[in-house]
Protein chains: 2
Amino acid sequence: MIRISLDVMGGDFGPEIVIPGAAKALERHPDITFLLFGLQAECEPYLAKHPKLRERSVFHDCELAVGMDEKPSAALRRGRYVSTMWRSIEAVKLGEADVVVSAGNTGALMAMSKFCLRTLAHIERPAIAGIWPTLKGESIVLDIGATIGADAHQLMDFALMGGAMARALFEAQRPTVGLLNVGVEEVKGQEEVKEAGRLIREANLPTISYHGFVEGDDIGKGTVDVVVTEGFTGNIALKTAEGTARQIAELLREAMSRTWLSKLGYLLAKGAFDRLREKMDPRKVNGGVFLGLNGIVIKSHGGTDAEGFAAAIDVGYDMARNGLTEKIVEDLETYHARRQPPAGPEAA
Amino acid sequence: MIRISLDVMGGDFGPEIVIPGAAKALERHPDITFLLFGLQAECEPYLAKHPKLRERSVFHDCELAVGMDEKPSAALRRGRYVSTMWRSIEAVKLGEADVVVSAGNTGALMAMSKFCLRTLAHIERPAIAGIWPTLKGESIVLDIGATIGADAHQLMDFALMGGAMARALFEAQRPTVGLLNVGVEEVKGQEEVKEAGRLIREANLPTISYHGFVEGDDIGKGTVDVVVTEGFTGNIALKTAEGTARQIAELLREAMSRTWLSKLGYLLAKGAFDRLREKMDPRKVNGGVFLGLNGIVIKSHGGTDAEGFAAAIDVGYDMARNGLTEKIVEDLETYHARRQPPAGPEAA
């Protein structure tokens, strides 16, 4: 049994997509039980339509919901202890849930998650890992926006945590890890990236296979299982790729509807188009995973639909079932046990 | 008449693509004259096939060609004064050519260009500007790899130079300029980016219209005419977009050839596919423009074909005809004349 806590009010549409999304995920994984944190009056009409979900859920009526545009600090002040977001996270802290999923605002979710769950020992800053569709399948890209300007040690932590996530998600024994850079030669790029490359190589971890530097176009190729970068560049790479995919889709749609011949061609090849759309469907890889906390937090896109939210639940299910947090803790301990004791005081 | 200097040996294929590329560009722009810098024995067979090009060219036999994998410092040591790359750049310095185009290695081309042409007054570091296909047409993105970690003042220079290039290329009166960031709110992102935003806003230049922050997906949408970022992120955004486009093309090809129905559909819609391919054709927007030097240098992709190289020549032609360098100098002077005199000594 996997226990999943949901922030039912999160996202642009709240219960309207979260509840049918949960129902879909439950069909695929009948061993899930849900803890639902919402405003009962708003959720009831949707829950009424999904009796099977209701049967596998415990509903917790909360005082308020965090707004999508609320600043993290304001959300924390107003919503701590009482909001649907906070209480859904707290369920993980209290050991009542194995993972929490929210489509709520990223900044607030990260702030509350850090405050409530705390970062793991040895981890300075948590990262957000995205799952990226590639020519070979899927890769993990981190950080996609939690950290701006991570240093070499933080990049090393990302490599390690990304590796643990790849083992949990892809069931790869020793996933390959690459550092995102502007060239593959050792002499190129930012100092932090070069230094991180040295750290990862020297750490020689048994749990990851360090590939070296990768470039922007290696992400889509699927050159490595895990692509490591700091959050500014990672966020821009992710959004640029999403923008390019949408741009091509729009140009294709436009081109296909221009003549009756191309319209007919489209009809005949519709199966092929559908297959492509499914492969590149951002909803299927919908789910940023917060790494580096005492517990698993999954962030779903705020604007997603029920199918997309269900996919985020799927990711959370896999992460919990395969023991993501335990894998990260284990890898962190292995790494730090091998290192020299640090000079300064350290959280333990 | 526009006088264009070519590094005939540059790129993966050298004269095999440069000479037919020049011939194509000449057909489109009969007022070009070329200065060709190459190794004569290797170029002769290709030149023999293009008598019209030969008629409009002066060939300069050189001692050596810079290798595609040569380190910039080594290329400069070995190739200064004598290589096809150096001499093609020098033609601009000597006032014999209006612009130089090379498909040679980027690092060496930038090093030689800086050494030979020198940077413009007020410019610390030159940038490479790329032309990006968007849903609305084309945008300029800079820097795409010359600078790692540009500071706020350099980003300000990029905004100004990118604006001048947009006026030269798109003939826009007052092009819109955006700063690439991880969110559009003023509080988000790197310190340098936020500071650059303040500088550009306060400068209130008559030649550009400052839009504010843009995100990765705004590039493909064509939200602004000019997207400003430092080179690390810019390079990764560019390569990620190229990778995504190739990934979708490959998935589409695969999907289209799977069944006889989709194959037939493809045939019927071939016109539409061709139109899309042409719109997204990287060869058509092939040409990084070096900005901030005393002269115009166009970098073509090393692996491009004759059509791609011709497109790079087209860009050079437009830049020279529309007075790119003069526009930049003018804008720099306007900007710096308005500012307080700087504290330290300054190049003039």
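Residues numbered from 1 in each chain as written. Chains lettered and ligands numbered in written order. Predicted model: local features only at pLDDT ≥ 70, side-chain atom pairs only at ≥ 80, totals over all residues. Heavy atoms only, no water.

### A word on the overall build of chain A
Next, step 1: Secondary structure summary: chain A contains 14 helices and 11 strands in total.
Next, step 2: Here chain A has a C-alpha radius of gyration of 21 Å; the compact-globule value for 348 residues is 20 Å, and the two agree.
Next, step 3: Oriented by its inertia axes, the alpha-carbon framework of chain A measures out at about 60 × 60 × 35 Å.
Next, step 4: Counting all 348 residues of chain A, 58% fall into the buried class.
Next, step 5: Each charge class in chain A was averaged separately, 40 positive and 47 negative side chains, and the resulting centres sit 3 Å apart. (Helix = DSSP H or I, 4+ residues; strand = E, 2+ residues; numbered from the N terminus. Rg over C-alpha atoms; globule rule 2.2 N^0.38 Å. Buried < 20%, exposed > 50% of the residue type's maximum accessible area, 1.4 Å probe, protein only. Lys, Arg positive; Asp, Glu negative; His and termini not counted. Charge placed at Lys NZ, Arg CZ, Asp CG, Glu CD.)

### Overview of the pattern of salt bridges
Residues and elements named next belong to chain A.
Next, step 1: Scanning all chains against the criterion turns up 30 salt bridges over all chains.
Next, step 2: Lys-221 is the salt-bridge partner of Asp-217, the closest N and O atoms lying 3.9 Å from each other. You can see Asp-217 and its partner Lys-221 sitting in helix α9 (residues 216-221), four residues apart, about one turn around the helix.
Next, step 3: Residue class for Asp-217 comes out buried when judged on its relative accessible area of 14%.
Next, step 4: A single salt-bridge network, built from bridges that share partners, covers Lys-24, Arg-28, Glu-307 and Asp-314. (Salt bridge = Lys/Arg side-chain N within 4 Å of Asp/Glu carboxyl O.)

### Examining the packing of helix α5 (residues 84-93) of chain B against helix α6 (residues 106-117) of chain B
To characterise two packed helices, one gives the angle between the axes of the helices and the distance between these axes.
Residue and element names in this part refer to chain B.
Next, step 1: Their axes nearest at 10 Å, the elements α5 and α6 cross at an angle of 35 degrees. Seen from above, α5 lies across α6 with right-handed handedness. Contact with α5, carried on its side by Met-85, Trp-86, Ile-89, Glu-90, Val-92 and Lys-93, involves Ala-108, Leu-109, Met-112, Ser-113, Phe-115, Cys-116 and Leu-117 of α6 and no other residues of that element.
Next, step 2: Considered class by class, the residues forming the contact of α5 with α6 number 10 nonpolar, one polar and two charged. (Axes fitted to C-alpha atoms, helices over the stretch in contact; angles between N-to-C directions. Left-handed = near helix turned anticlockwise from the far one by under 90°. Contact = heavy atoms within 4.5 Å. Nonpolar A, V, L, I, M, F, W, Y, C, P; charged D, E, K, R; others polar.)

### Regarding the pairing of strand β2 (residues 32-38) of chain B
Residues and elements named next belong to chain B.
Next, step 1: Counting buried residues along β2, seven of its seven residues qualify, which places the element largely inside the surrounding structure.
Next, step 2: Residues Ile-32, Phe-34, Leu-36 and Gly-38 line one face of β2 and the alternating positions Thr-33, Leu-35 and Phe-37 line the opposite face, and both faces are buried.
Next, step 3: Relative to β2, strand β1 (residues 2-7) is paired through six bridges, and the arrangement is parallel. Residue pairing across strands places Asp-7 opposite Phe-37, the latter belonging to β2.
Next, step 4: Regarding topology, helix α1 (residues 15-28) serves as the crossover connection from β1 to the parallel β2, and that connection is right-handed.
Next, step 5: Pairing of β2 with strand β3 (residues 57-61), which is carried by five bridges, proceeds in the parallel orientation. Residue Leu-36 lies in a different strand from β3, and its bridge partner there is Phe-59. (Pairing = 2+ DSSP bridges. Right-handed = clockwise from strand over helix to strand, strands pointing away.)

### Section: α5(B)
All names here are of chain B.
Next, step 1: For α5, a buried count of seven out of 10 residues is recorded, marking the element as mostly surrounded by other parts of the structure.
Next, step 2: Turning to α5, its buried residues are Thr-84, Met-85, Trp-86, Ser-88, Ile-89, Ala-91 and Val-92.
Next, step 3: Considering only its buried residues, α5 is in contact with β1, β2, α4 (72-79), β4 (99-102), α6 and β11 (296-299).

### Things to note about the interface of chain A and chain B
Next, step 1: If you look at the interface, chain A gives 50 residues, while chain B gives 50 residues.
Next, step 2: Of the roughly 4700 Å² buried between chain A and chain B, counting both surfaces, carbon and sulfur atoms make up 73%.
Next, step 3: Broken down residue by residue, the surface that chain A buries against chain B is led by A:Phe232, A:Gln247 and A:Leu268, which jointly contribute 14%.
Next, step 4: At the surface where chain A touches chain B, the tally comes to four salt bridges. (Buried area = accessible area lost by both parts, 1.4 Å probe.)

### Description of the side chain of A:Thr325
Residues and elements named next belong to chain A.
Next, step 1: Assignment of secondary structure puts Thr-325 in helix α14 (residues 324-338).
Next, step 2: Judged by relative accessible area, Thr-325 falls into the buried class, the value being 17%.
Next, step 3: Contacts of Thr-325, omitting those with residues within four sequence positions, involve Leu-293, Gly-295 and Ile-296.

### Describing the relation of the copies chain A and chain B
Next, step 1: Take chain A, turn it by 180 degrees, move it 0.0 Å along the axis, and it overlays chain B with an RMSD of 0.0 Å. Within this description, the copies of the chain are treated as partners about a two-fold rotation axis. Relative to the rotation axis, the closest C-alpha in chain A is found at A:Gly265, a distance of 1.8 Å.
Next, step 2: Of the interface residues in chain A, 100% have counterparts in chain B that sit at the interface too, so the contact is made through matching surfaces. (Least-squares fit on C-alpha atoms with pLDDT ≥ 70 in both.)

### Re the packing of aromatic side chains
Next, step 1: Evaluated as defined, the whole model comprises four aromatic pairs over all chains.
Next, step 2: Ring centres of B:Tyr81 and B:Trp86 lie 5.3 Å apart, and the angle between their planes is 75 degrees; on these two criteria the pair is classed as edge-to-face.
Next, step 3: One aromatic cluster in this structure is built from A:Tyr81, A:Trp86 and A:Phe115.
Next, step 4: Lying across the ring of A:Phe115, A:Arg118 places its NZ or CZ 5.3 Å from the centre. (Phe/Tyr/Trp six-rings, centres within 6.5 Å; stacked < 30°, edge-to-face > 60°. Lys NZ or Arg CZ within 6 Å of the ring centre and 35° of its normal.)

### Some words on the domain arrangement of chain A
Residues and elements named next belong to chain A.
Next, step 1: Split into domains, chain A comes out as domain 1 (2-123 + 292-328) and domain 2 (127-282).
Next, step 2: The centre of domain 1, based on its C-alpha atoms, is set 25 Å off from the matching centre of domain 2.
Next, step 3: The partner domain 2 presents 14 residues to the 14 residues of domain 1 that form the contact.
Next, step 4: Between domain 1 and domain 2, the buried area comes to about 1100 Å², and carbon and sulfur atoms account for 73% of it.
Next, step 5: The interface formed by domain 1 and domain 2 contains zero salt bridges.
Next, step 6: Remark: the boundary between domain 1 and domain 2 carries one residue pair in polar contact (both at pLDDT 80 or more).
Next, step 7: At the level of secondary structure, the elements contributing two or more residues to the side of domain 1 that touches domain 2 comprise α6 (106-117), α13 (306-321) and α14. (Domains from an automatic or database assignment. Polar contact = N/O pair within 3.5 Å; in protein donor to acceptor, adjacent residues only side chain to side chain.)

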